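As a plain string of letters, each chain reads:
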Amino acid sequence: MVRKACSFWSLTLLLGLGSPATAVAQTNGSSEHQAMLNRYCITCHNEKLKTADLMLDKLNVADVSADAEVWERVAMKLRARAMPPVGLPRPAPDELQSFAGFLEGALDQAALAAPNPGRPADHRLNRTEYENAIRDLLDLEIDGAALLPPDNAGQGFDNIADILSVSPVLMESYMLAAGKISRLAVGRENMSPVADTYEVSHDFQQDARMSEDLPFGSRGGTAVRHTFPLDGEYVIQVRLQKNMDGYIRGIRDKNYLDVRIDGSRVGLLTIGGEILGRSGAMFTEAQNQDFRGDLVQTGYEFRADEELEVRFSASAGTRTVGVSFLNKNIKPVGKLTPKLMLSDIEHYKGGDPGVESVTIIGPYEARGVGDTPSRRKIFSCMPSSAAENLPCARRILTQLARRAYRRPVTDEDLQDLMSLYDAGSEGSSFEAGIELALQGILAGPEFLFRVEKDPGNIEPETAFPISDVDLASRLSFFLWSSIPDDELLDLASQGKLRDTAVLRQQVSRMLADPRSSALVDNFATQWLTLRDLEHVSPDPDEFPDFDDELRVGLQRETQLFFDSMLRADRGVVELLTADYTFVNERLARHYGIPDIQGSRFRRVAVNEEARRGLLGQGSILTVTSYPTRTSPVLRGKWVLENFLGLPPPPPPPQVPALEEKDQTGRALTMVQMMEQHRASPACAACHKLMDPIGFALENFDATGKWRTHSPFGDENPPIEATGMLFDGSKFDGVVEFRDVLLQHQDRFVHTVTEKLLTYALGRRIEHSDRPAVRKILAGAAPEDYRWSALITEIVKSTPFQMRRSRPL
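The structure displayed is predicted, hence computed values, not measured ones.

Reading the values: the criteria
- Positions within a chain are numbered from 1, following the residues in the order the chain's sequence is written.
- In keeping with the predicted nature of the model, local features appear solely for residues at pLDDT of at least 70, side-chain atom pairs appear and are counted solely at 80 or more, and the whole-chain, interface and lining totals rest on all residues.
- To get the side-chain values, take all heavy atoms of the structure and skip hydrogens and water.
- Only C-alpha atoms enter the line fits that serve as axes; for helices the fit covers just the stretch in contact. Angles between N-to-C directions range over 0 to 180 degrees.
- Each helix is a run of DSSP H or I of at least 4 residues and each strand a run of E of at least 2, with the numbering of both proceeding from the N terminus.
- Left-handed describes a crossing whose near helix is turned anticlockwise from the far helix by less than a right angle; the clockwise case is right-handed.
- Contacts: residue pairs with any heavy atoms within 4.5 Å of one another.
- Salt-bridge detection follows one rule: a side-chain nitrogen of Lys or Arg within 4 Å of a carboxyl oxygen of Asp or Glu.
- Three exposure classes are used, based on accessible area relative to the maximum for each residue type with a 1.4 Å probe and protein chains only: buried under 20%, partly exposed in between, and exposed over 50%.
- A pair of strands is treated as paired once DSSP finds two or more bridges between them.
- Two cysteine sulfur atoms form a disulfide, by the criterion used here, when they sit within 2.5 Å.
- Throughout, nonpolar core names a set of buried Ala, Val, Leu, Ile, Met, Phe, Trp, Tyr and Cys residues whose side chains join them through atoms within 4.5 Å.
- The rule is short: rings of Phe, Tyr and Trp, with Trp giving its six-membered ring, pair when the centres are within 6.5 Å, and they are stacked under 30 degrees, edge-to-face over 60, tilted in between.
- Geometrically, a charge over a ring is one whose NZ (Lys) or CZ (Arg) sits within 6 Å of the ring centre while staying within 35 degrees of the ring normal.
- Patch membership needs two things, relative accessible area over 30% and no salt bridge, and members are linked within 9 Å if like-charged or within 5 Å if nonpolar (Val, Leu, Ile, Met, Phe, Trp, Tyr).
- Methods summary: accessible areas were calculated by the Shrake-Rupley approach with a probe of 1.4 Å, and residue burial reflects only the protein chains presented.
- Working convention for charge: Lys and Arg count positive, Asp and Glu count negative, and His plus the chain ends are omitted.
- Taken as the charge location is NZ of Lys, CZ of Arg, CG of Asp or CD of Glu.
- Here the expected span of a helix is defined as 1.5 Å times the quantity of residues minus one.

A.B. asks: Explain the packing of helix 3 (residues 68-79) against helix 4 (residues 93-113) here, please?
C.D. replies: Remark: helix 3 packs on helix 4, axes separated minimally by 9 Å, with the N-to-C direction vectors making an angle of 150°. Judged by the sense of rotation from one axis to the other, the crossing of helix 3 with helix 4 is left-handed. Residues Ala68, Trp71, Glu72, Val74, Ala75, Leu78 and Arg79 of helix 3 form the contact with helix 4, whose participating residues are Leu96, Gln97, Phe99, Ala100, Gly101, Leu103, Glu104 and Leu107.

Laid out in C-alpha cells, this is it:
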C-alpha cells in the first residue's frame, strides 16, 4: 500500500512552487536534510523500489547541481505540500519549507554561475502572427483562415517553434497568399471581378441584434470586414436560411433587409409576404406532394431570395459590410407560445427569416486604385519621371523590407528585391514592379521565419545575449503577436533597447497599445482552452437552448474578463476571486441574471459566490464536459493542468466506460459511477487526484448552468460536491474549493507564470528554466503579481534575453 501511494503521488505531482525569496539561509547543513530524506523519502524512492523511477538514495544532497532536474522535482513537491503523501509520516511544515528553500537556493546559485537560457528552434510565423504582420506592415486586414491551413499546437499554444512544421503544401499556401495580398495592397486597375462569400452559422437564431457593428433596431444578419480592391461598382448578394427541406424560413411575412457600408445604407430590400397560391403546412416534415401546397407558391418559398442583391459604388479599402433585418418591434398578444429551440425549427417554415450568406462581387467599372491605407503605407514616394523610378523603388522596398524582416536591410536584400522589381515593371508599370517585389517579401524566408543567429566564433553550448533586433522581435511577438513597429526597431538599431529603463518604458507602451489584445486572443484563449468551444456540441435533446449565440457569448465573456484585468493591471490571483463578469442579454438569460437587454456586453456584479472568478464561467465548464453530461475527470484534469500545473499521467489503454447502473439495475449518481470506476487499480491512481476537484464543480451542468440536483440516480438526488485536495484539504462545493485553491495561490501564480513564459519564449519550459521562474516571481511579488509586473520580469529574464549557442 505504501509503495502504491508513493507511486501515485510521484507520478502525478511533478511540479510545485518556489518561494518568492529563493536566497534562503542554508544554515542547517546538508546532513540534516539528508537525515530527512532517509526518514521520509528514501523508503519509497530508492534503488530497490525505483518508485516513479526516482532513486534518491543514489543522489548527493550536498551537490544539488549535479542532479538539478531531479532536485527541482523534489523541491517543487515539497513546496506543494504534496510529499510525503497524505496518510504517511510527514516532517513539520517549517522543516519541509526549509528543505525546499535549501534546494532552491543551491539550484539558483548553480544557475547564476552557469546560465542555461535554452535554444529555441527557428520560428515560422503561425497563421495569427502572419495575419497580424500583414495588418501592421501594409495596413491591410486579411482572413488568415481563408488563406492558410491551421497550425499545430504544443504545450497548449500554437506558437511553439519546434511544432510549427514546414511542408511543400504550406509553402505553396504562403506563395498564393503573398500573391493575393500584394494585389490587394497595391491594387490593379485591370482587375477582373471576384466573389467573396461570408457564411452565417445555422446555429444562430438571429432573433436579436447580432453585432455592435449593426444599427440599433436591427435583427439578425451579420457584419463583416471586407477589402474593396479598387474604386468602383460592387454587388452584394444575400441568401436566406432554409429549413431542412429547402424552404426559406419566415417567408410568409414581409420583412425588410437593410444593407450598409460603414454604417451608411446602400440598399433596403423587401422579402416575403407574397401569396402566389396555396401554401403548405408550417412544419414540412414527412410531407407528400399535396401537402406542399401549390407549385408556384412552393417555388417562391424555395427561391424568393435569388433576387436579393444591391449594386453600389465603393471606394477602395477595408470597410464594414452590414446586412440585417429591420426589427418589426411587434409585441405578441393573446396566448404566448414557448420559444422554439434550434432542434424544433429544423422543419419549420415560420418564425423570422435569417441570413445564410453574404456574397460581395466586384469591382465593376473600376475608376482607379484609390487612396487606400495600404497604398499610403507602401508608396512613400511616387516617381514623376522614368529617371525617378529606380531611386523611388529602392526607397519603397528598403522601408518595406526593414519592417518585414525586422532588422536593417543589407545590400544583398535590396539587390534581390530590385531584381523582382525589374522583372515586374518590364513592359508594364512602376506599380507592377513594386507589387512583384512585395510578393517576394511576403513569401520569403526573412519574413516568414524568425531566425536568431549565433555570434561568429562562439564556443558551442555557450549562453550569449541575443541582439537588440532579435530582442525587439521577441518582445513584439510576445505582446502583439506581430512585427516590431518603427519605434521598437529604431531603439534596437541604436542599441538602446536592452537598457532596463528603456525596456520598461517599451513594455508599458506596448501593453497600452490596442495590439496587446493579442495577449487575450492568443495567450489567454489558448491557456484557458477557449478555442475548444468551437468544437463542443452539447446534445440538443439534453440542452435544447444551446446555440451559437450562447457559444460565442461564453467565449466573449471570458475574453472580456481577462482583458479587463490586463487593462486595469490587476493581480493574477483576482482571476479566481473577481466578483464581476461581462454578459449580454443572451448570456445573462443563461445565467439567470435579470434586467440585461441587447447584444452589447457590459460589466455586471456577480452576486452569487459560486460564480466568482474563472471557475464560475460557462466557457470553461462547457469545454470540460461531454455532450450529454458533465465530466468530473475532464474538469479535474483541466484545473490540475491550467491552475495548479500538475498534469496527471496519460490514461492506460482500454479504459472501461462508466457503468450507469449497479448490479440490481438501480441508477447511479455521478459520485457512485466514479467510485466504481476507481475500484480498478489501473484507474484509481489518476482519478483519486482528478475526481474530487471535478466534483467540486458538479453543481454546474455541461453548459455552465447552476443546478442543485443530479440528473443521475433514482429520484434526482442532491448534488454531491465534496472532496479532498492532494494536501489533505477538504471542501464541499465550489465556494469551499476556491478557498482551498486560494491557500495554494502561490502555485496558481507559478502556473500562470510558467504558461506565460512558455508562450513568450515559444518553447517548452525545462528544469533549467525554473530558477528564472523563481526570479520572475520574486521580482513581481512586491507588486502583488500584477500583469505588468509579471510581463516586465519575463522580458528581463535570462531565458528571454539570452540564447544558448549550437550544440557540440
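A.B. asks: Would you mind showing me how to read the pattern of salt bridges here?
C.D. replies: Proximity of charged atoms lets side chains of opposite charge pair with each other. Tallying each qualifying case throughout the model produces 41 salt bridges. A salt bridge links arginine 311 to glutamate 233, with the nearest nitrogen and oxygen atoms 3.7 Å apart. Pair noted here: arginine 311 is in strand 7 (residues 309-314) and glutamate 233 is in strand 4 (residues 231-240), with a separation of 78 residues, a long-range link. Under the relative-accessibility criterion, glutamate 233 is labelled buried at 15%. Between aspartate 769 and arginine 763 there is a salt bridge, and its shortest N-O distance comes to 2.9 Å. Since its relative accessible area comes to 10%, arginine 763 is described here as buried. Connected via shared salt-bridge partners are Arg135, Asp136, Asp485, Glu487, Arg509, Asp513 and Arg515.

A.B. asks: I'm lost on the environment of isoleucine 593 in this one. Help?
C.D. replies: With respect to the helices and strands, isoleucine 593 occurs in the loop between helix 20 (585-591) and strand 13 (602-605). Using a relative accessible area of 26% as the deciding quantity, one classes isoleucine 593 as partly exposed. Isoleucine 593 sits 13 residues away from valine 606 along the chain, and the two C-alpha atoms are 9.1 Å apart. If sequence neighbours within four positions are ignored, isoleucine 593 has contacts with Val583, Ala588 and Val604.

A.B. asks: Looking at this structure, how should I read the sheet that holds strand 4?
C.D. replies: The strands that make up a sheet pair up through hydrogen bonds in the backbone, lying either parallel or antiparallel. The sheet built from four strands is open, its strands ordered 2-9-4-7 with antiparallel pairing. Unpaired on one side and paired on the other, strand 2 (194-199) and strand 7 mark the two borders of the sheet. Neighbour-to-neighbour, the strand axes of this sheet turn through a mean angle of 20°, independent of strand direction. In the sheet, strand 2 pairs with strand 9 (residues 355-368) via six bridges, with the strands oriented antiparallel. Looking across to strand 9, one finds that tyrosine 198 is bridged to valine 358.

A.B. asks: Help me understand the state of the cysteines in this model?
C.D. replies: What makes a disulfide is a covalent bond joining the sulfur atoms belonging to two cysteines. Scanning all chains against the criterion turns up one disulfide. Shown here is the disulfide that connects cysteine 381 with cysteine 392, its sulfur atoms set 2.0 Å apart. Between cysteine 381 and cysteine 392, the S-S dihedral sits near 115°, and the bridge is therefore right-handed. Of the two residues, cysteine 381 is situated in the loop between helix 9 (373-378) and helix 10 (389-405) and cysteine 392 in helix 10; the sequence distance between them amounts to 11 residues.

A.B. asks: Got a minute to help me understand the pairing of strand 4 in this structure?
C.D. replies: One face of the sheet, then the other: side chains in a regular strand alternate in exactly this way. Most of strand 4 sits inside the fold, with eight of its 10 residues counted as buried. When strand 4 meets strand 9, the two strands line up antiparallel, connected through eight bridges. Its bridge partner lying in strand 9, valine 238 is registered against valine 358. Bridge count for strand 4 against strand 7 is six bridges, and the pairing is antiparallel. Its bridge partner being in strand 7, valine 235 is matched across the sheet by arginine 311.

A.B. asks: Explain the side chain of threonine 372 here, please?
C.D. replies: Residue placement: threonine 372 occurs in the loop between strand 9 and helix 9. With a relative accessible area of 6%, threonine 372 lands in the buried category.

A.B. asks: Help me understand the nonpolar core in this model?
C.D. replies: What tends to happen in soluble globular proteins is that the nonpolar side chains get buried as a cluster. Of all hydrophobic cores here, the largest spans 97 residues; its most connected members are Phe478, Phe523, Trp527, Leu575, Phe643, Trp787 and Ile791. Looking at this core element by element, the count peaks at eight residues for helix 26 (residues 745-761). Excluding its chain neighbours within four sequence positions, the residues that come into contact with tryptophan 527 are Phe157, Phe562, Leu575, Asn642, Phe643, Phe748, Val752 and Lys755. Of all hydrophobic cores here, the second largest spans 43 residues; its members include Ile181, Cys392, Leu397 and Phe447.

A.B. asks: Looking at this structure, how should I read the sheet that holds strand 5 (residues 255-261)?
C.D. replies: Overall, antiparallel pairing links the four strands, which are arranged 3-8-5-6 in an open sheet. Across the chains shown, the open sheet's two edge strands, defined by having one partner strand only, are strand 3 (218-228) and strand 6 (264-271). Between one strand axis and the next, the sheet turns through 15° on average, direction left out of account.

A.B. asks: Just to check I follow, could you spell out the packing of aromatic side chains for this structure?
C.D. replies: In this description, a pair of aromatic rings is defined by centroid distance and the angle of the planes. All chains considered together, the criterion is met by 22 aromatic pairs. Both rings, one in phenylalanine 523 and one in tryptophan 527, keep their centres 5.7 Å apart while their planes meet at 20°; by these two values the pair is stacked. Of the two residues, phenylalanine 523 and tryptophan 527 both sit in helix 17 (residues 518-527), four residues apart, roughly one turn of that helix. The same class applies to phenylalanine 523 as to tryptophan 527, namely buried. Joined through ring pairs, the aromatic side chains of Phe157, Phe478, Phe523, Trp527, Phe562, Tyr759, Trp787 and Phe800 make up one cluster. If you follow arginine 515 out to its NZ or CZ, it ends over the ring of tryptophan 480, 3.8 Å from the centre.

A.B. asks: Would you mind going over a negative patch on the surface with me for this structure?
C.D. replies: Together, Glu609, Asp732, Glu736 and Asp739 line one region of the surface with negative charge. Of note, glutamate 609 is situated in the loop between strand 13 and helix 21 (618-623).

A.B. asks: Would you explain the pairing of strand 12 (residues 580-583) in this entry?
C.D. replies: Along strand 12, one buried face is formed by Tyr580 and Phe582 and the opposite face, lined by Thr581 and Val583, is buried too. Pairing geometry for strand 12 and strand 13, over four bridges, is antiparallel. Its bridge partner being in strand 13, phenylalanine 582 is matched across the sheet by arginine 603.

A.B. asks: Help me understand helix 4 in this model?
C.D. replies: Along an α-helix, residues three or four positions apart point the same way, because every turn accommodates 3.6 residues. Here helix 4 spans 30 Å end to end across 21 residues, near enough to the 30 Å set by a 1.5 Å rise per residue. Taken residue by residue, helix 4 has Leu96, Phe99, Ala100, Gly101, Phe102, Leu103, Glu104, Gly105, Ala106, Leu107 and Asp108 as its buried positions.

A.B. asks: Please clarify how helix 27 (residues 770-780) should be interpreted in this entry.
C.D. replies: Burial analysis of helix 27 places eight of its 11 residues in the buried class, the great majority of the element. Taken as a whole, helix 27 has its buried residues at Arg770, Pro771, Ala772, Val773, Arg774, Ile776, Leu777 and Ala780. Close packing links the buried residues of helix 27 with helix 3, helix 4, helix 26, helix 28 (787-796) and helix 29 (798-801).

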